[in-house]
Amino acid sequence: MNGLSRIQAIFGKELLQLKRDKMTFGMVIMIPLIQLLLFGFAINTNVRHIPVGLVDHSQTGLSRILVQTISATQVVEFSEHYINVEDAEAAIARAEIRAVLVIPQDVSQRLARHQTAGFGSPPASDEETSRPVAQWIVDGSDTMIAGAIKSLRNMPLAELLNKPVNRSTPTFEVALLYNPEQRTAVNVVPGLIGIILTMTMIMFTSAAIVRERERGNLEMLITTPVRSIELMLGKIIPYIFIGAIQVSIILGLGHLVFNVPMNGSLGQLAGATLLFIIASLVLGLVISTIAKNQLQATQMTIFVLLPSILLSGFMFPYDGMPDIAQYIAEILPATHFMRLVRGVILRDVAIIDMRHDLIWLTLFSVVGLAVASFRFKKNLD
Amino acid sequence: MSEYAIKASSLSRNFGEIKAIQELDLEVEKGRIYGFLGPNGCGKTTAIRLLTGLLKPSSGEIEVLGFTLPKDAEKLRLRIGYMTQKFSLYDDLTVKENLQFIAKIYGLSGQTKKRRVDELIDLYGLEEKYSQLAGSMSGGQRQRLGLAAATLHKPELLFLDEPTSAVDPENRRDFWEKLFDLCDQGATILVSTHYMDEAERCHKLAILETGIKRADGSPEILMREMGASVVEVAASDLRQLKQDLLHLPQVITAAQLGARLRVLVKDSVADPLGFLRQQKNIQPDDILTQVRPSLEDVFVTCTGEGRL
Ligand SMILES: Nc1ncnc2c1ncn2[C@@H]1O[C@H](COP(=O)(O)OP(=O)(O)OP(=O)(O)O)[C@@H](O)[C@H]1O
Ligand SMILES: [Mg+2]
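Reading the values: the criteria
- Residues numbered from 1 in each chain as written.
- Chains lettered and ligands numbered in written order.
- Predicted model: local features only at pLDDT ≥ 70, side-chain atom pairs only at ≥ 80, totals over all residues.
- Heavy atoms only, no water.
- Helix = DSSP H or I, 4+ residues; strand = E, 2+ residues; numbered from the N terminus.
- Buried < 20%, exposed > 50% of the residue type's maximum accessible area, 1.4 Å probe, protein only.
- Contact = heavy atoms within 4.5 Å.
- Areas by Shrake-Rupley, 256 points an atom, 1.4 Å probe, with all protein chains shown as cover.
- Lys, Arg positive; Asp, Glu negative; His and termini not counted.
- Charge placed at Lys NZ, Arg CZ, Asp CG, Glu CD.
- Pairing = 2+ DSSP bridges.
- Axes fitted to C-alpha atoms, helices over the stretch in contact; angles between N-to-C directions.
- Donors = N, O, S within 2.8 Å, 3.2 Å for Na, K, Ca; no water.
- Domains from an automatic or database assignment.
- pLDDT = per-residue confidence, 0-100.
- Near = heavy atom within 4 Å.
- Polar contact = N/O pair within 3.5 Å; in protein donor to acceptor, adjacent residues only side chain to side chain.
- Nonpolar A, V, L, I, M, F, W, Y, C, P; charged D, E, K, R; others polar.
- Parallel < 35°, antiparallel > 145°, perpendicular 65-115°, else oblique.
- Left-handed = near helix turned anticlockwise from the far one by under 90°.

Q: Give a detailed account of the overall build of chain B, specifying residues and quantitative values.
A: Regarding its fold elements, chain B presents 11 helices and 14 strands. Along the first, second and third principal axes, the C-alpha atoms of chain B reach 75 × 45 × 35 Å. The 308 residues of chain B split such that 52% are buried. For chain B, long-range pairs separated by at least 24 residues make up 67% of all intrachain contacts whose partners lie at least 6 apart in sequence. Here chain B has roughly 14200 Å² of accessible surface; of this, 47% comes from carbon and sulfur atoms. Separation between the mean location of the 40 positive side-chain charges and that of the 44 negative ones in chain B comes to 5 Å.

Q: Could you give an account of the sheet that holds strand β5 (residues 67–69) of chain B, with specific residues and numbers?
A: Residue and element names in this part refer to chain B. Pairing within the open sheet is antiparallel, and its four strands lie in the order β2-β1-β4-β5. The strands lining the two open edges of the sheet, one partner per strand, are β2 (18–29) and β5. With strand direction ignored, the average angle separating the axes of adjacent strands in the sheet is 20°. Pairing geometry for strand β1 (residues 4–15) and strand β4 (residues 59–64), over five bridges, is antiparallel.

Q: Run through the coordination of the magnesium ion (ligand 2), naming residues and quoting values.
A: Looking at the metal site, the magnesium ion (ligand 2) is ligated by B:Thr45 (OG1) and B:Gln85 (OE1), spaced 1.9 to 2.1 Å from it. Residue B:Thr45 is found in helix α1 (residues 44–51), and its partner B:Gln85 is found in the loop between β6 (80–83) and α3 (95–105); the two are separated by 40 residues along the sequence.

Q: How would you sum up the domain arrangement of chain B? Please name residues and give values.
A: Partitioning chain B into structural domains gives domain 1 (4–220) and domain 2 (227–292). Domain 1 of chain B and domain 2 of chain B are separated by 40 Å when their C-alpha centres are compared.

Q: Explain the sheet that holds strand β12 (residues 251–257) of chain B to me, and be specific about the residues and the numbers.
A: Residues and elements named next belong to chain B. What the four strands build is an open sheet, ordered β12-β13-β11-β14; its pairing is antiparallel. A single partner strand is all that each edge strand has here, and the edge strands are β12 and β14 (287–291). The sheet shows a mean angle of 25° between the axes of neighbouring strands, direction not considered. Inspection of the sheet shows strand β11 (residues 228–234) paired to β14 by five bridges, in the antiparallel sense. Bridge assignment links Val-231 to a residue of β14, and that residue is Gln-290. The sheet strands contacting helix α9 (residues 238–246) are β11, β12 and β13 (260–266), and the helix crosses β12 at an angle near 170°.

Q: Could you give an account of the confidence of the model for chain A, naming the residues involved and the relevant values?
A: Summary statistics for chain A give a mean pLDDT of 85 and a share of 92% for residues scoring 70 or more. Across chain A, the element-wise mean pLDDT spans from 80 in helix α5 (residues 107–113) of chain A up to 93 in helix α15 (residues 355–375) of chain A.

Q: Please provide a residue-by-residue account of unusual backbone geometry, values included.
A: Peptide bonds are, in most cases, trans, and in most cases residues other than glycine have a negative phi. Residues and elements named next belong to chain B. Residues Leu-69 and Pro-70 are joined by a peptide bond in cis, for which omega reads 0°. Checked against the element boundaries, Pro-70 lands in the loop between β5 and α2 (73–76). Despite not being glycine, Lys-154 shows a phi value in the positive range, around 50°. When you line up the elements, Lys-154 lands in the loop between α5 (139–151) and β7 (157–161).

Q: Got a sec to walk through the site of ligand 1? Specific residues and values, please.
A: All names here are of chain B. If you check the shell around ligand 1, you find 13 residues, and the closest are Gly-41, Lys-44, Thr-45, Thr-46 and Glu-162. In this structure, Lys-44 approaches ligand 1 through a side-chain N or O atom, which is 2.8 Å from an oxygen atom. Residue Gln-85 places a side-chain N or O atom 2.8 Å away from an oxygen atom belonging to ligand 1. Taking 630 Å² as the accessible area of ligand 1 by itself, protein coverage stands at 65%. Looking at the shell around ligand 1, the elements that each hand over two or more residues are β2 and α1. When residues of the shell around ligand 1 are assigned to their parent elements, the largest contribution, three residues, is made by α1. The class makeup of the residues in the shell around ligand 1 is five nonpolar, six polar and two charged.

Q: Describe the packing of helix α11 (residues 266–290) of chain A against helix α12 (residues 294–311) of chain A, naming the residues involved and giving the relevant values.
A: Residue and element names in this part refer to chain A. Axis separation between α11 and α12 bottoms out at 9 Å; the angle between their running directions is 140°. Relative to α12, the element α11 is oriented oblique. Seen along the crossing, α11 lies across α12 with a hand that is right-handed. Between α11, through Leu-283, Ile-287 and Ile-290, and α12, the contact on the second element is made entirely by Ala-297, Met-300, Thr-301 and Val-304. Class assignment for the residues of the contact of α11 with α12 results in six nonpolar, one polar and no charged.

Okay, structure coming up:
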């Protein structure tokens, strides 16, 4: 009974301190708000409007139509013209443009014999006729951009010559079950809940014990009858509410601004989120019992945050990662939450069907809490 | 039940190379005020932390209120109060919130809690500061809040680490009145200080230097059995006289106090006045008076260079 009232005392004290700390309080609201808008708009795997240059050796009407057709795809945007290839390559090196289209002098002949433009003549098999129409020189260091330009390789050119488009039958038919319009935000916004919670939850609690130590409060606290586990629980409970507020902001705004659907039930989502919030808070507490000062606590938070962003499946598909990265990802609570939250929001699964992830989050929290309470010694040694 | 609240024997604590406490023997009787007197860094805080179970001793035994430390430290928690040297309540909580927090931690609730907090606020004159943030209070007010918090659960043993270091003399007197009140109600108090006048108010005290106990006992006995006599000399050229006297092996120290020189002469000299009279620098019309030793004299004779 006394234990409960001591937890309550710590809890109430944390709330009061949080209320007075305007900066932290502001961050609770501003972090999800700003990050959501930033990431929601910025993270876009459909690459568009890549700045490119043009070296046109032919200077014919046909070459100009070719450029217009390419521009119409919106993948690239011709921003500069260069006299020769050397100048263009220098511009790529200076990062003014990411690629350059080199149109050869004989573009008309090449086009005339090109298979997709084909003037009725059967596709040629000899050297000369199979030559491409023009050449792209690309800054290959960014694979995403290079990939987008490579996708132009087989661009049909029939329209260019006012010929009827001859549609070929694709080898595969692809049916998109979820996110049929292929909008990146639909996948990013739910994932962002995981990232923002990882960041704020771990940050808040990782400073929790360290701050008491730095300000000298700990010396008083440990001479009172309060037990480690009571102190730990009292410190994380207020932040569960904070986490809930943040999730509401992200989901509400995600729905309003990015039109993210809410296919699953809110109850299922609340369950998964609660587990994840607790796991993150507990991780923060463990950090707090290891770090000697607030700077160290921040460093350790970032140490956890980066893999959570990169390996959890938020940025890159989990299944595409090498084995070793997958093992590391499995340890992180964010990975499991990422699966759960996308499952509930986008595919309306019942979380009980994703037992594996639920069990991991629960286990992580229980073990973490035990480690934190065990590591937190009630003395100054 | 033993008559001692605290018993420690050959207590030592090292921090790496630093020997913060060395072979400390200590006996604190119940219901008394016991003082730790010593300069900065002599180990007062370390000793208190050892006796409250916050630090583990490198060697030696500690028994506090019948419990063996550090083993039974948790069992002591409800029975001792500790006021840290550095203010350790929450700067960003008000006086009332701080006290209510401590009250809840000690298991008080509802009316009992409210009554006790009001009682303390009244007792320590904190009414006007009721809803002021602790961080914005003056040093003296904070000290009173600290004492209020440390005594909230009516502990039978109270540790106070330099409680009056930021307090003016008048408030210090009031503060000590409160300590004697607590003592009258049966509490045992261990207080550390580097003020002589405070040390003199203690029933008993220990003089610490570099982690070693140099002397202990009641102030009266310490002064009586100091092992030196005190003579005040009123002369013209005190600075020169001081230099000359310090060369004598029988003289422990000489310190200038305004127009007089306070000279400590070893007890091996049977007649200190006669002895000083014979010195060549003392003029026949200089006035020599033997005076009652003060605690500061005790301190000087048992610490530093002049140690007997
Ligand atoms: N945690 C620690 N780590 C290393 N050395 C320490 C530690 N705590 C104390 N010391 C050393 O032990 C010695 C005694 O320190 P302590 O704080 O007990 O002195 P004090 O008498 O309380 O001094 P003050 O009057 O300044 O408060 C000092 O030399 C100090 O540097
Ligand atoms: Mg100290």
